[in-house]
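Read off the chains here:
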Amino acid sequence: MTDTGMDDEGPRPEFNPEPHAYDRRVRAIPMEEQTIAESLRMLARSWAVLNPNATIEERQYLAALVATEIAGR
């Protein structure tokens, strides 16, 4: 049986203190940015397709929530 200890490890790469893109601070995305509004509308449409038996009131409530978020209130 072979030994699977830590002695067989190869050399480790040297530590690089340069931050990667995923280590940097995330920028604030305002609600006015078009991507957010498009994403909310697409999510609402997806919900409507996945819930075909939803009532008109539920659909209106969802539309009102999306409109409120897009308006930034």
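In case you missed it, the structure is sitting above this.
No experiment lies behind these values; they were computed from the predicted model shown.

1. Re the overall build of the chain
Thinking step 1. Counting secondary structure elements, the chain contains two helices and zero strands.
Thinking step 2. Within the chain, the proportion of its 73 residues that are buried is 5%.

2. A few points about the packing of helix H1 (residues 34-50) against helix H2 (residues 56-71)
Two quantities define a packed helix pair, namely the angle between the helix axes and the distance between the axes.
Thinking step 1. Contact geometry of H1 with H2 gives a least axis separation of 10 Å together with a crossing angle of 170°. The orientation of H1 relative to H2 falls into the category roughly antiparallel. The segment H1 lies against H2, with Ala37, Leu40, Arg41, Ala44, Trp47 and Ala48 engaging Glu58, Arg59, Leu62, Val66, Glu69 and Ile70.
Thinking step 2. Residues of the contact of H1 with H2, tallied by class, amount to eight nonpolar, no polar and four charged.

About the criteria used
- Residues numbered from 1 in each chain as written.
- Predicted model: local features only at pLDDT ≥ 70, side-chain atom pairs only at ≥ 80, totals over all residues.
- Heavy atoms only, no water.
- Helix = DSSP H or I, 4+ residues; strand = E, 2+ residues; numbered from the N terminus.
- Buried < 20%, exposed > 50% of the residue type's maximum accessible area, 1.4 Å probe, protein only.
- Axes fitted to C-alpha atoms, helices over the stretch in contact; angles between N-to-C directions.
- Parallel < 35°, antiparallel > 145°, perpendicular 65-115°, else oblique.
- Contact = heavy atoms within 4.5 Å.
- Nonpolar A, V, L, I, M, F, W, Y, C, P; charged D, E, K, R; others polar.

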